[in-house]
Protein chains: 6
Amino acid sequence: MQQRVITFGEIMLRLATPGYQRFCQANSFEVTYGGSEANVAVSLAHLGIGSTFVTALPENDLAKSAMMNLMKFGVTPYIHFSGDRMGTYFLEKGASMRGSKVIYDRDGSSFAKLDPGNIDWEEIFDGASIFHWSGINPAVSSSAAEAALEAVKKANEKGLVITTDLNYRSKLWKWGKRPKEVLPSLLEYCDVIIGNEEAWSECLDISLSENVEDLSDDQISELTDQVFKRFEKTTKVVQTIRRTVSANHNTWEAALWNGEKLFRSPKYNIPEIVDRVGGGDSFVAGLIFGLCKNKGDQSSLSFATAASAIKLSVEGDFNLISESEIEGILKGGTSGRIVR
Amino acid sequence: MQQRVITFGEIMLRLATPGYQRFCQANSFEVTYGGSEANVAVSLAHLGIGSTFVTALPENDLAKSAMMNLMKFGVTPYIHFSGDRMGTYFLEKGASMRGSKVIYDRDGSSFAKLDPGNIDWEEIFDGASIFHWSGINPAVSSSAAEAALEAVKKANEKGLVITTDLNYRSKLWKWGKRPKEVLPSLLEYCDVIIGNEEAWSECLDISLSENVEDLSDDQISELTDQVFKRFEKTTKVVQTIRRTVSANHNTWEAALWNGEKLFRSPKYNIPEIVDRVGGGDSFVAGLIFGLCKNKGDQSSLSFATAASAIKLSVEGDFNLISESEIEGILKGGTSGRIVR
Amino acid sequence: MQQRVITFGEIMLRLATPGYQRFCQANSFEVTYGGSEANVAVSLAHLGIGSTFVTALPENDLAKSAMMNLMKFGVTPYIHFSGDRMGTYFLEKGASMRGSKVIYDRDGSSFAKLDPGNIDWEEIFDGASIFHWSGINPAVSSSAAEAALEAVKKANEKGLVITTDLNYRSKLWKWGKRPKEVLPSLLEYCDVIIGNEEAWSECLDISLSENVEDLSDDQISELTDQVFKRFEKTTKVVQTIRRTVSANHNTWEAALWNGEKLFRSPKYNIPEIVDRVGGGDSFVAGLIFGLCKNKGDQSSLSFATAASAIKLSVEGDFNLISESEIEGILKGGTSGRIVR
Amino acid sequence: MQQRVITFGEIMLRLATPGYQRFCQANSFEVTYGGSEANVAVSLAHLGIGSTFVTALPENDLAKSAMMNLMKFGVTPYIHFSGDRMGTYFLEKGASMRGSKVIYDRDGSSFAKLDPGNIDWEEIFDGASIFHWSGINPAVSSSAAEAALEAVKKANEKGLVITTDLNYRSKLWKWGKRPKEVLPSLLEYCDVIIGNEEAWSECLDISLSENVEDLSDDQISELTDQVFKRFEKTTKVVQTIRRTVSANHNTWEAALWNGEKLFRSPKYNIPEIVDRVGGGDSFVAGLIFGLCKNKGDQSSLSFATAASAIKLSVEGDFNLISESEIEGILKGGTSGRIVR
Amino acid sequence: MQQRVITFGEIMLRLATPGYQRFCQANSFEVTYGGSEANVAVSLAHLGIGSTFVTALPENDLAKSAMMNLMKFGVTPYIHFSGDRMGTYFLEKGASMRGSKVIYDRDGSSFAKLDPGNIDWEEIFDGASIFHWSGINPAVSSSAAEAALEAVKKANEKGLVITTDLNYRSKLWKWGKRPKEVLPSLLEYCDVIIGNEEAWSECLDISLSENVEDLSDDQISELTDQVFKRFEKTTKVVQTIRRTVSANHNTWEAALWNGEKLFRSPKYNIPEIVDRVGGGDSFVAGLIFGLCKNKGDQSSLSFATAASAIKLSVEGDFNLISESEIEGILKGGTSGRIVR
Amino acid sequence: MQQRVITFGEIMLRLATPGYQRFCQANSFEVTYGGSEANVAVSLAHLGIGSTFVTALPENDLAKSAMMNLMKFGVTPYIHFSGDRMGTYFLEKGASMRGSKVIYDRDGSSFAKLDPGNIDWEEIFDGASIFHWSGINPAVSSSAAEAALEAVKKANEKGLVITTDLNYRSKLWKWGKRPKEVLPSLLEYCDVIIGNEEAWSECLDISLSENVEDLSDDQISELTDQVFKRFEKTTKVVQTIRRTVSANHNTWEAALWNGEKLFRSPKYNIPEIVDRVGGGDSFVAGLIFGLCKNKGDQSSLSFATAASAIKLSVEGDFNLISESEIEGILKGGTSGRIVR
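Remember, it's a predicted structure, so these values are computed and weren't measured experimentally.

A look at the UniProt feature "domain: Carbohydrate kinase PfkB" (unreviewed entry) in chain A
Stage number 1. UniProt records the feature "domain: Carbohydrate kinase PfkB" (unreviewed entry) at residues 3–317 of chain A, using the numbering of this structure.
Stage number 2. Annotation note: span residues 3–317 of chain A, helix share 33%, strand share 26%, distance between end C-alpha atoms 24 Å.

Re the relation of the copies chain E and chain F
Stage number 1. Each copy superposes on the other: chain E lies on chain F with an RMSD of 0.0 Å after a rotation of 120 degrees and an axial shift of 0.0 Å. Look at the turn and shift together and you get a three-fold axis relating the two.

Thoughts on the interface of chain E and chain F
Stage number 1. Each partner contributes residues to the interface: chain E has 19 residues there, and chain F has 23 residues.
Stage number 2. Residues that form the side of chain E that touches chain F fall into these classes: 10 nonpolar, 5 polar and 4 charged.

Considering helix α9 (residues 297–311) of chain A
Stage number 1. Helix length check: α9 of chain A (15 residues) gives 21 Å between terminal C-alpha atoms against 21 Å at 1.5 Å per residue, within 8%.
Stage number 2. Burial analysis of α9 of chain A places 13 of its 15 residues in the buried class, which makes it a mostly covered element.

As for the sheet that holds strand β7 (residues 101–105) of chain B
As a general point, the strands of a sheet are linked pairwise by backbone hydrogen bonds and lie either parallel or antiparallel.
Stage number 1. One open sheet holds the 8 strands; their spatial order is β7(A)-β6(A)-β2(A)-β3(A)-β3(B)-β2(B)-β6(B)-β7(B), and the pairing between them is mixed. Whereas interior strands pair on both sides, the edge strands pair on one side only; in this sheet they are β7 (101–105) of chain A together with β7 of chain B. Each strand of the sheet is rotated relative to its neighbour by a mean of 30 degrees, with strand direction disregarded.
Stage number 2. Here strand β2 (residues 12–16) of chain B runs beside strand β3 (residues 28–34) of chain B; their pairing, made up of 5 bridges, is antiparallel. From the neighbouring strand, Leu15 of chain B faces β3 of chain B, where its bridge partner is Val31 of chain B.

Describing unusual backbone geometry
Stage number 1. Within the chain, Asn167 of chain A stands out as a residue other than glycine whose phi angle is a positive 45 degrees.
Stage number 2. The residue Asn167 of chain A is located in the loop between β9 (161–165) and α5 (179–187) in this model.

Remarks on the packing of α5 of chain A against helix α6 (residues 197–204) of chain A
Residue and element names in this part refer to chain A.
Stage number 1. For the pair α5 and α6, the least separation of the axes is 7 Å and the interaxial angle reads 100 degrees. In terms of orientation, α5 lies roughly perpendicular with respect to α6. Here Pro179, Lys180 and Leu183 of α5 lie close against α6, whose contacting residues are Glu202, Cys203 and Leu204.
Stage number 2. Here the contact of α5 with α6 is composed, by residue class, of 4 nonpolar, no polar and 2 charged.

Considering the environment of Thr88 of chain A
All names here are of chain A.
Stage number 1. Note on placement: Thr88 falls in strand β6 (residues 88–92).
Stage number 2. Residue classification places Thr88 among the buried positions, given that 20 C-beta atoms sit within 10 Å.
Stage number 3. The sequence separation of Thr88 and Leu13 amounts to 75 residues, and the corresponding C-alpha distance is 4.6 Å.

Quick word on helix α8 (residues 279–292) of chain A
Residue and element names in this part refer to chain A.
Stage number 1. Compared with an ideal rise of 1.5 Å per residue, which puts 14 residues at 20 Å, α8 spans 20 Å between its outermost C-alpha atoms and is within 8% of the ideal.
Stage number 2. Here α8 lies mainly inside the structure; 14 of its 14 residues are buried.
Stage number 3. Trailing α8 by a residue or two, Asn294 shows a phi angle of about 50 degrees, which is positive.

Remarks on the interface of chain E and chain A
Stage number 1. Opposite the 23 residues of chain E that make contact, chain A presents 19 residues.
Stage number 2. Counting only elements with at least two residues in the side of chain E that touches chain A, the list comes to β7 (101–105) and β11 (236–246) of chain E.
Stage number 3. The element that contributes the greatest number of residues to the side of chain E that touches chain A is β11 of chain E, accounting for 3 residues.
Stage number 4. Looking at the side of chain E that touches chain A residue by residue, the classes come out as 7 nonpolar, 10 polar and 6 charged.

A short note on the pairing of strand β9 (residues 161–165) of chain B
If a strand is regular, its side chains alternate between the two faces of the sheet.
Residue and element names in this part refer to chain B.
Stage number 1. Taken across its 5 residues, β9 has 5 buried, putting it largely inside the fold.
Stage number 2. Residues of β9 alternate between two faces, with Val161, Thr163 and Asp165 on one and Ile162 and Thr164 on the opposite face, all of them buried.
Stage number 3. In this structure, strand β8 (residues 130–134) lies alongside β9, joined through 5 bridges in parallel fashion. Across the sheet, the residue bridging to Ile130 is Val161, located in β9.
Stage number 4. Once the chain exits β8 it traverses helix α4 (residues 142–157) before rejoining the sheet at β9, and the crossover so formed is right-handed.

Some words on the sheet that holds strand β7 (residues 101–105) of chain D
Stage number 1. Spatial strand order, β7(D)-β6(D)-β2(D)-β3(D)-β3(F)-β2(F)-β6(F)-β7(F): 8 strands in an open sheet with mixed pairing. Every interior strand has two partners, whereas the edge strands, β7 of chain D together with β7 (101–105) of chain F, have only one. Here the average twist between neighbouring strands, direction ignored, is 30 degrees.
Stage number 2. Bridge analysis of strand β3 (residues 28–34) of chain D against strand β3 (residues 28–34) of chain F gives 3 bridges, and the strand direction is antiparallel. Counted as the bridge partner of Phe29 of chain D is Phe29 of chain F from β3 of chain F.

Rules used in this analysis
- Residues numbered from 1 in each chain as written.
- Chains lettered and ligands numbered in written order.
- Predicted model: local features only at pLDDT ≥ 70, side-chain atom pairs only at ≥ 80, totals over all residues.
- UniProt positions renumbered as here; feature names shortened; annotations may be inferred.
- Helix = DSSP H or I, 4+ residues; strand = E, 2+ residues; numbered from the N terminus.
- Least-squares fit on C-alpha atoms with pLDDT ≥ 70 in both.
- Contact = placed C-beta atoms within 7 Å.
- Nonpolar A, V, L, I, M, F, W, Y, C, P; charged D, E, K, R; others polar.
- Expected span 1.5 Å × (residues − 1).
- Buried ≥ 20, exposed ≤ 12 C-beta atoms within 10 Å, placed from the backbone.
- Pairing = 2+ DSSP bridges.
- Axes fitted to C-alpha atoms, helices over the stretch in contact; angles between N-to-C directions.
- Parallel < 35°, antiparallel > 145°, perpendicular 65-115°, else oblique.
- Right-handed = clockwise from strand over helix to strand, strands pointing away.

Next up, the structure:
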């Protein structure tokens with residue numbers, strides 16, 4: 001039977017300066033829509049998985065445009081219409097030594113004002129198999145954090161597999177509590193936890209005793225096992241490892257710890273990045289795709305890492321790469337030869 | 001001596017769909033900056049008048065870009081840096097039977113959160129001769145209304161001439177009070193009050209007993225004299241008269257009542273509108289320009305009306321027409337002949 | 001119960017020169033998707049009607065983009081993947097005395113190669129209430145004409161209401177037969193037939209004895225009644241009346257004959273056209289919307305005409321106007337006043 | 001035998017602000033190439049006439065781009081490579097009451113520095129039948145005026161038919177002499193002289209005793225006959241008549257006096273102008289086309305006027321309208337109906 | 001005496017997504033024209049060689065635009081007007097691991113429908129010295145293959161030097177025969193044969209016994225000598241060697257075997273590719289340029305390789321690099337220093 | 001007290017082809033404004049230093065746009081309005097092996113026609129602390145060279161610190177004298193002289209006896225000490241060292257000799273250049289910023305080099321990087337990590 005994945009989060013208006021223009025040079029913004037969880041939902045739909053995205057939006061034409069963009073890529077939107085504004089983020093793409101810059105403008109958004117009880121999770125979870133949320137959900141406001149907790153609990157009750165990406169963002173978490181005070185109670189319900197070194201540290205106070213540049217298998221196992229042991233329900237802890245050589249050049253790899261064995265992905269060198277935003281989300285979607293297809297740990301991890309590496313060649317938040325293109329990467333076709 | 005005009009209000013990020021695209025079709029937004037009072041400030045600076053614009057903005061690169069745009073056109077910005085977001089408005093340009101559409105996104109903006117005491121009016125008003133505010137200032141929030149009242153009182157104490165445009169916008173005024181509960185106490189300090197039929201009615205409960213299409217001189221005098229008599233300090237009441245034939249075709253004229261005599265401007269027929277937004281603000285700036293230059297009532301009114309009529313041929317909120325171009329219109333050069 | 005409308009036709013890649021550029025000046029083409037029947041499907045979905053679009057497309061990324069565009073606007077695509085290319089049309093927008101120019105490039109398209117038996121109409125028509133096709137379907141190829149006949153017969157068997165727009169295009173119909181040899185056998189199954197003077201004449205050999213500029217009620221009744229009487233199943237014959245003042249200026253009105261009474265719409269004067277293509281299709285969708293909502297003949301006709309008149313202010317083939325905006329026109333709000 | 005027309009003048013880089021932007025708003029300029037005589041040459045080539053354009057340009061990539069643009073449209077360029085810069089003009093398109101604005105930047109251009117003797121007219125005129133120059137040639141510099149005189153004399157010696165357009169531009173003629181001191185000695189060699197009221201007055205001191213809005217046939221005959229009688233070789237004097245209703249709306253007509261009879265063209269009303277520049281040049285090319293095809297006076301005049309009226313719907317200096325499209329206008333197809 | 005090169009092939013409309021957009025993201029396509037043989041013709045004309053391009057096109061404005069683009073760059077087009085559509089290709093530019101993607105839409109094009117006898121080769125070859133065709137000509141259809149054979153035979157009769165590039169494209173060759181069944185009979189007439197490893201294998205069944213990454217001189221000699229020996233008339237066999245590091249990074253070199261000696265070009269490392277399409281064609285043009293200028297084998301090969309390496313920095317199919325710029329590369333100026 | 005820096009030079013209209021288009025491909029030019037000294041002025045203002053820019057411009061809308069661009073970024077323009085045209089430069093951005101190309105069009109500009117006595121230096125220098133000019137000033141014309149000498153002398157009299165960048169450009173210096181005949185008399189008044197190997201050689205005849213690729217500390221000291229000793233007033237000689245790996249990849253470092261000690265900056269590797277123009281000017285501004293802030297030699301040099309290295313990631317002539325962003329580079333944040 002076809003699996004259905006429910007994703008919960010905020011979809012934002014993304015306004016990016018063209019090319020490498022700085023904000024003060026821009027006479028136009030490129031308009032797309034995105035946000036960590038919406039990116040996961042689109043990526044799954046693009047890979048052919050039944051995908052429902054749950055969010056709150058105001059009743060206006062921008063929100064309708066956001067909905068249309070989800071529908072365009074095959075996502076079924078489930079919108080709680082309420083509030084007055086949609087979250088927005090402004091993006092200035094960096095180059096070379098100058099990093100990309102994000103200005104969040106999501107205060108007071110419909111999603112930030114979401115309260116527990118607003119969403120009919122009973123109806124939504126009916127017939128669904130996986131529920132995905134991320135650490136951004138509880139970061140935006142106190143009530144959003146409560147709404148996330150409600151969702152996670154309901155999903156657990158209904159027997160869904162629950163996945164999460166810690167997604168630590170230093171510019172969010174302004175409403176009073178720190179992630180380490182909030183996230184653990186949500187993580188208790190999660191089957192799969194995805195994060196990176198910074199997230200383990202900021203959200204769970206888990207870190208190595210010394211700071212090292214390149215982590216060994218043992219060090220990764222040490223970190224992820226701490227996460228694994230802390231949350232009883234968790235069956236997989238996944239760590240992504242990005243190194244930023246320059247704004248246009250990253251390396252990307254990942255590891256998965258299932259409590260017994262550490263799996264490592266290949267390490268991709270990506271010297272010509274087109275759009276770095278949404279890279280982590282495409283990884284998450286790849287991993288959930290693996291779960292849906294029962295690919296096994298190694299295969300899921302490799303698929304997710306390849307999906308994410310090639311995503312960096314795609315403009316916008318969404319990973320518009322097909323399953324067969326990702327398979328091509330996995331088969332070694334990483335040289336970008338022309339297809340004609 | 002060179003006059004200096006102080007204008008107070010919110011400058012917003014303006015995001016407009018290109019050409020005649022609807023919101024759901026737009027893949028880019030044209031980025032400019034504007035807002036009623038900022039438009040007046042820019043127009044005055046462009047006409048060579050010393051112009052200071054007072055506002056509140058957050059500390060980010062978008063706000064800095066707004067400042068740079070004021071500086072580009074010769075305005076001296078006076079910014080109270082506070083709050084987290086700048087007001088934004090989204091514009092979809094209409095055509096034919098389809099009207100332009102504005103989505104305001106100014107809730108919780110730095111300006112909306114402005115409190116009395118935030119601005120050092122004493123310093124700002126020093127050496128200034130005219131203070132301009134508009135009915136939008138108190139519309140955005142309760143504290144902004146209080147801040148506007150403070151400003152008007154200070155300007156009055158310092159002996160500045162005070163001008164205002166009622167600028168009624170049905171989508172604003174959401175904070176609890178109606179304009180007619182708030183505006184009168186500010187208008188008591190105003191020397192020049194500008195409005196239109198809808199504004200007299202919505203803000204002051206002043207209207208004709210019957211609804212007519214084309215107002216006679218007597219009817220305009222009847223309306224404006226009621227305004228004139230209600231506010232003791234007021235010396236001029238100015239009514240603008242726009243007829244909307246279609247989204248691309250308006251007529252525009254105005255009248256000025258000084259308590260004794262009604263002055264009428266020419267009526268301009270404008271069948272090929274480029275950008276309708278900011279038309280009223282360019283009128284206000286033209287009128288204040290007349291005050292600064294001691295042009296007299298008829299001449300000021302005609303200058304303001306011509307400035308406003310030709311503004312509709314300019315993209316964006318700002319009226320980037322020179323004094324000599326406006327004089328050309330006044331001399332009858334309304335046929336748009338090529339200059340080469 | 002929610003109605004579902006099935007529309008059948010070709011969706012094409014539309015490549016338009018920007019602004020008013022001629023083909024030989026264009027360095028880019030604006031990419032959208034359209035085609036008479038797809039336009040009807042999108043318009044219905046945008047008005048909230050359940051809308052399925054049936055077509056044939058090749059297995060490539062352009063075809064997938066066309067599908068995504070249907071999904072974006074709420075249409076459920078039903079695609080028979082076959083053949084090697086999708087139909088394309090090139091558009092040069094005219095101005096003033098220079099008419100718009102269309103270059104069709106649909107020879108050998110997947111749709112033109114469609115054969116009877118390719119589509120599972122049984123499944124598609126299940127639960128549907130209305131079937132719409134147009135005179136373009138049988139114009140593109142002999143096999144497409146047979147496929148259209150098959151569809152119409154199946155729809156009739158399943159008891160669907162069948163609507164059609166004759167849509168005469170002089171540049172199509174190249175495969176050997178003239179419309180008057182082909183269309184009548186399809187029209188026998190139709191409940192509602194929409195056309196204009198040229199279509200009555202070219203497709204049905206029905207015309208007035210003398211050529212007149214402005215048709216009287218009697219003349220329209222005479223024409224439409226001939227159509228009405230010729231096809232036994234037909235209950236409504238609708239004639240649209242466009243006058244082309246210039247490439248940017250049309251008038252538009254319509255009439256409906258139900259065998260007993262002639263209904264007339266208001267006549268709209270549209271002097272500032274944004275995009276003329278798809279005007280007729282938006283009319284058809286408006287009429288079908290009326291059928292779905294049981295609006296009655298006069299009300300359906302007026303709604304359809306208003307929908308079509310305001311469509312001319314929208315870029316692209318699709319009519320992205322909401323029901324409430326059309327209602328606004330019907331209530332007399334034709335002056336295009338700004339909404340803010 | 002195929003006729004060949006030699007045109008002599010300056011081709012410039014044309015830099016236009018996009019849409020209706022003012023110079024101070026433009027972040028890009030649209031790049032095309034043009035200039036009165038080059039426009040005539042392109043228009044003739046586009047109509048299928050053998051067309052050689054003679055000019056001077058510097059040895060750089062911009063000049064080569066100008067050459068390529070002539071070649072693209074079928075003109076054979078004959079370039080004297082010399083000097084350091086090419087003439088440039090900046091264009092701001094007006095709307096409504098705001099006229100278009102041209103900034104000429106042609107001082108010190110290769111063409112302005114052209115000297116008599118630089119061009120091998122003997123070779124160029126070989127096999128040619130018509131020579132066209134315009135009043136702009138001698139306006140740009142003293143040496144260009146001398147070079148023009150040399151060309152006209154050589155053309156006369158070689159027996160070519162010589163045509164000219166007076167093309168009075170108030171912003172040129174800065175080098176010391178007034179047109180009336182310079183042009184008459186060139187006009188002595190011309191067979192066909194084209195001008196308008198302003199040109200007759202500024203270049204030849206010929207005007208009516210009183211200023212009238214709409215010229216009668218008698219008044220036009222009076223004006224053109226004075227021109228006709230003053231220059232012995234002249235066989236046709238042609239007057240164009242433009243009225244500027246607004247920047248987007250002109251009327252256009254013309255008259256031809258052959259010393260015996262006055263021919264009038266239809267008067268075209270053009271309310272939706274796309275690009276007004278090059279209108280006169282398209283008229284000139286239409287008239288020369290008539291000469292090449294021996295159309296006769298009335299027919300040539302009508303063709304030229306129609307060509308020019310429809311040119312106003314085309315972006316850029318060049319008239320990219322085909323002979324059959326112009327014929328369509330002459331047959332009454334002025335309503336801009338879509339062709340599909 | 002000036003040499004004239006005749007090139008024969010299909011010129012297509014090229015529609016490319018902007019920047020790195022995927023097809024489903026594109027709202028516009030960049031419009032240029034290209035095709036292997038047309039690219040050779042333009043490159044030769046740009047290098048100052050007399051260049052005639054022979055093709056078939058339909059009678060429409062797109063075909064005329066293609067012609068104008070050839071003329072712009074100095075090519076003399078010889079067009080057989082016939083058929084209904086012009087070949088089109090859609091291009092999505094890849095980045096990093098994601099390769100560029102071409103969708104061919106050339107079925108049923110005017111060129112594919114070309115028959116022997118359509119072209120007056122007698123007239124075309126008169127005064128010409130070299131004839132170039134490529135392996136794409138016979139790939140598109142059976143009749144095009146016959147037309148190519150006719151051309152090659154006629155060129156041989158007229159004593160022209162014949163050059164060819166095997167240009168193997170896996171997505172073409174759909175009409176029934178494999179290249180190895182068709183090409184050999186054409187190659188019998190060729191003086192110069194250009195190909196790469198894949199082409200030797202797919203078109204001639206010539207390959208090394210084992211697959212190696214970097215070919216030695218001996219291995220190249222072995223391959224090319226097999227080609228050399230197979231076709232009696234052939235005097236030079238040229239092998240190009242591209243390695244694809246990523247979509248934006250290639251290396252490029254070539255070797256020439258004249259039956260006695262192997263010449264090698266320098267190997268260029270090109271890490272910042274602007275447009276990869278047309279790279280091979282610019283090589284071919286460079287080689288033919290060498291033939292025209294009697295440069296000798298080593299010098300021709302080096303010139304061709306340098307021309308091709310720098311072409312990758314140019315947008316579009318056409319190599320718009322001058323002879324002196326290529327000479328600069330040959331002199332070691334490969335660092336891309338600014339010229340000011 | 002706040003320092004004020006006076007900069008003197010020509011601001012030009014910069015017209016750049018979009019992306020990597022060649023001149024003959026461009027249908028639009030990107031419009032910005034720049035010029036070595038203006039770039040220094042803007043950079044200083046952006047870093048918060050009081051900055052006045054002195055130049056000559058004609059009275060037209062392009063010149064006004066240039067002024068507005070200076071004002072936008074906080075520079076106070078001091079314009080001598082005279083002459084007829086503003087200097088212009090055309091830029092084609094190179095890639096890979098193809099270098100960027102500049103076409104200067106500054107002959108006869110208002111600045112080139114500037115004469116001594118035109119500028120009221122007395123007024124300008126009042127209250128100022130530093131005067132900056134560059135070797136381009138005297139390169140453009142004889143009178144501009146005299147005007148520069150006048151300025152330098154006046155600045156010296158008024159006790160300003162004088163800085164200069166030799167800025168050797170081979171395409172300028174066309175008016176008769178070589179830089180080595182002109183510059184030394186100006187350099188006598190300078191406190192800080194900035195140049196590179198080519199400038200030392202072309203402007204001062206100072207070079208190493210042998211050409212080496214990588215200069216040792218001793219060799220740099222040898223070169224800069226010769227400059228240091230030649231000009232008595234000079235206290236610092238600064239040498240910048242750029243290596244051009246490709247058009248998109250440079251390395252950048254610098255050294256400062258104060259007569260006693262050689263300071264070296266870090267060497268930056270910049271493989272992904274966005275815009276190379278203005279790199280040297282951003283270095284100069286960084287150095288002057290150090291002077292204004294009394295940073296000391298090492299610190300000023302490092303700041304200047306970092307400012308310049310990150311500038312290469314910014315479009316346009318102007319360095320729109322903030323002080324804190326440069327400090328980030330100095331603290332090792334060179335990996336371009338996203339900020340969110």
